[in-house]
Amino acid sequence: MSRFSQTMNKGKTIFAQLMSLFTEYEFSKCVNRYKGDRHAIKFNCRDQFLVMSFAQFTDRSGLRDIETTLDLCSQDLYRSGLKVMPKSTLAEANEKRDWRIYQDFGYVLIKKAKDLYAGEKLRIDLDEMVCAFDSSTIELCLSLCPWATLHHGKGGFKMHTLMDLNGSIPTFIRLTEASVHDSKRLEEVPVEPNAYYLMDKGYVKFDTLYTHFHQAHAWFVTRAKDNMKYEVVDSREVDPQAGLISDETIRLTGYYTSRKYPDNLRLVVYEDFRDGTVYRFLTNNFTLEAITIAELYRERWQIEIFFKWIKQHLHIKSFYGTTMNAVFTQIWIAICDYLLLIIAKKQYGLNPSLHLISNSIGQILFKRGDIRDFYNKPEVPINVPEDGPVRQLTLW
């Protein structure tokens, strides 16, 4: 970041600096695509986006809380580009303005983030792209959101996410009914040759793994199901001191699975010495070291941070509307805000972790001064709240 840019930021609020990371032109293209501002008079889609982002960053509990807080902070709003938006106006905007505006804008920010983080390396030294694919169920009150049927009288929907682990960037997101099985979305995942795709055993669907990944010359690493039928074709020596139990080339022998995946697979069995749990990793890659396969799968923890962000840090548990359009609008604006923090961390050269920044950003939104002066210090003088309870995915 140039010295001139630092000087320009001195008089801006932190919120204004975050929102300056994208241009009006980029945002307007998404709005115009769905005629989002067709009936707007005082409050347009950009106003809606800014107010919703403010609400997410500062953990507002509802529409009335948003309106009251903005009214109390009226002297800081102009410098931040915000307006006091009546709760009825915001509720109507969330219900009626097409949620795909913010989905499309999310993909604009995804591209920007990917360009910024190009060349980033994982803890494991691999030149190829490494992605994790997983899903998380977000529960809703069925009586308020009858469109979101889950099971046993509960409501909710699923967020299926592909994350580029070189930068923790979600690159592909699908929102579906919670009843949709994870493997149903596997064929929609964009696949690049020579890239690695890490996924849980819920995604083990052999015909898709073969046609969509293997034949596209992409590598997958997943976990074998307990009832998988196979025969051992070849076996390689392993280092038991590293936790490795076996490294085998196998062929599926089940009547259907052998037809769905006719080529050989690799099965690496690994014991986690921390708790004695044994894991069976299944992959179509035969060149990486066996221990690298196990360590690579462990990198899935990064997608946990994203789901935790969506469920807790941006407080999606407090929805500002109950229609599908309102809920999806809030989800996608939350995703955009997550991406803006990723972009800010890189573009402004912020030293603290994304976790610390995301936990503390709401406390300094209206402070004036370069954002790096707040974060790039030996000790960040911000009280970071303890994490509350949140449902976690399993690392393995």
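We now turn to the structure provided with this report. Each chain carries its own residue numbering, running from 1 in the written order of its sequence. Note on the predicted model: pLDDT of at least 70 is required for a residue's local features to be given, and 80 or more for side-chain atom pairs to be given and counted; whole-chain, interface and lining totals, by contrast, use all residues. No hydrogens and no water enter the side-chain calculation; it runs on all heavy atoms of the structure.

## A word on the overall build of the protein chain
Helix and strand assignments come from DSSP, with helices taken as H or I runs of at least 4 residues and strands as E runs of at least 2, each series counted from the N terminus. Helix and strand counts for the protein chain come out as 15 helices and 9 strands. The burial tally for the protein chain puts 53% of its 396 residues in the buried class. Of all intrachain contacts in the protein chain linking residues separated by at least 6 positions in sequence, the fraction that spans at least 24 positions is 65%. Relative accessibility decides the category of a residue: with a 1.4 Å probe and only protein chains considered, values under 20% of the type maximum give buried, values over 50% give exposed, and everything between is partly exposed. Note on contacts: a residue pair qualifies if any of its non-hydrogen atoms lie within 4.5 Å across the two residues.

## A word on the packing of helix α7 (residues 87-96) against helix α13 (residues 324-347)
Between α7 and α13, the shortest axis-to-axis distance is 6 Å and the interhelical angle comes to 95 degrees. Considering their axes alone, α7 and α13 lie roughly perpendicular with respect to each other. Where α7 abuts α13, its residues Asn94, Glu95 and Lys96 lie against Asn325, Ala326 and Thr329. When the residues that make up the contact of α7 with α13 are grouped by side-chain class, the tally is 1 nonpolar, 3 polar and 2 charged. A fitted line through C-alpha atoms serves as each axis, taken over the contacting stretch for helices, and the angle formed by two N-to-C directions is quoted from 0 to 180°. Any angle from 65 to 115 degrees is called roughly perpendicular, while one under 35 is roughly parallel, one over 145 is roughly antiparallel, and all others are oblique. Charged means Asp, Glu, Lys or Arg here, nonpolar means Ala, Val, Leu, Ile, Met, Phe, Trp, Tyr, Cys or Pro, and polar covers whatever is left, Gly included.

## Brief notes about helix α3 (residues 24-33)
Where α3 is concerned, the buried positions are Phe27, Cys30 and Val31. Within α3, the buried residues cover an arc of 100 degrees as seen down the axis, which keeps them to one side. Looking at α3, the residues exposed on the side facing more than 90 degrees away from the buried face are Tyr25 and Asn32. The inward-facing, buried residues of α3 abut α4 (45-57) and α8 (100-116). Within two residues after α3, Lys35 carries a phi angle of roughly 50 degrees, on the positive side. Picture the helix axis, draw a direction to every C-beta atom, and the arc is the one those directions span.

## Considering unusual backbone geometry
Non-glycine residue Lys35 carries a positive phi angle of around 50 degrees. Despite not being glycine, Asp59 shows a phi value in the positive range, around 60 degrees. With respect to the secondary-structure elements, Asp59 resides in the loop between α4 and α5 (63-72).

## Considering the nonpolar core
For our purposes a nonpolar core is just a set of buried Ala, Val, Leu, Ile, Met, Phe, Trp, Tyr and Cys residues, chained together by side-chain atoms within 4.5 Å. Core analysis: the biggest nonpolar cluster contains 92 residues, and Phe49 and Met159 have the highest contact counts within it. In terms of residue count, the dominant contributor to this core is α13 (15 residues).

## Side note on the pattern of salt bridges
Salt bridges are counted wherever a side-chain nitrogen of Lys or Arg sits within 4 Å of a carboxyl oxygen of Asp or Glu. One pass over the structure, following the stated rule, counts 21 salt bridges. With a closest N to O distance of 3.0 Å, Arg251 and Glu231 form a salt bridge. Within this pair, whereas Arg251 is found in strand β7 (residues 244-252), its partner Glu231 is found in strand β6 (residues 230-236), the two being separated by 20 residues in sequence. Assessed through its relative accessible area of 33%, Arg251 is described here as partly exposed. You can call Glu231 partly exposed: its relative accessible area is 38%. Put simply, Asp234, Arg236, Asp247 and Arg266 are held in one network by salt bridges that share partners.

## Looking at α5
Along α5, the residues that are buried comprise Ile66, Thr69 and Leu70. Taken around the axis of α5, the buried residues stretch over an arc of 100 degrees, which confines them to a single face. For α5, the exposed residues lying more than 90 degrees away from the buried face are Arg64 and Leu72. If you follow the buried residues of α5, they end up packed against α4, α6 (74-80) and α7.

## Description of the environment of Ser246
Inspection of the secondary structure assignment puts Ser246 in strand β7. A relative accessible area of 15% means that Ser246 is categorised as buried. Placed 23 residues apart in sequence, Ser246 and Val269 show a C-alpha to C-alpha distance of 5.2 Å. Ignoring anything within four residues of it in the chain, the contact list for Ser246 reads Val238, Leu267, Val268 and Val269.

## Regarding the environment of Lys35
Within the element layout of this structure, Lys35 appears in the loop between α3 and α4. Linking Lys35 and Cys45, residues 10 residues apart in sequence, is a C-alpha distance of 10.0 Å.

## Re the side chain of Asp98
Relative to the helices and strands, Asp98 is located in the loop between α7 and α8. One polar contact links Asp98 to Arg100, side chain to side chain, over a distance of 2.7 Å. Any N or O atom pair separated by 3.5 Å or less is treated as a polar contact, with the protein-specific requirement of one donor-capable and one acceptor-capable atom, and with residues adjacent in sequence counted only for side-chain atom pairs.

## Focus on the environment of Leu70
The residue Leu70 is located in helix α5 in this model. Sequence separation between Leu70 and Met85 is 15 residues, and the spatial gap between their C-alpha atoms is 7.9 Å.

## Remarks on the packing of α4 against α13
Any two packed helices are characterised by how steeply their axes cross, that is the angle between the axes, and by the distance between the axes. Between α4 and α13, whose axes approach to 10 Å, the crossing angle comes to 75 degrees. Judged on the interaxial angle alone, α13 and α4 are roughly perpendicular. Where α4 approaches α13, its residues Gln48, Phe49, Met52, Ser53, Gln56 and Phe57 are matched on the opposing element by Thr329, Gln330, Ile333, Ala334, Cys336, Asp337, Leu340 and Leu341. In terms of residue class, the contact of α4 with α13 is made up of 8 nonpolar, 5 polar and 1 charged.

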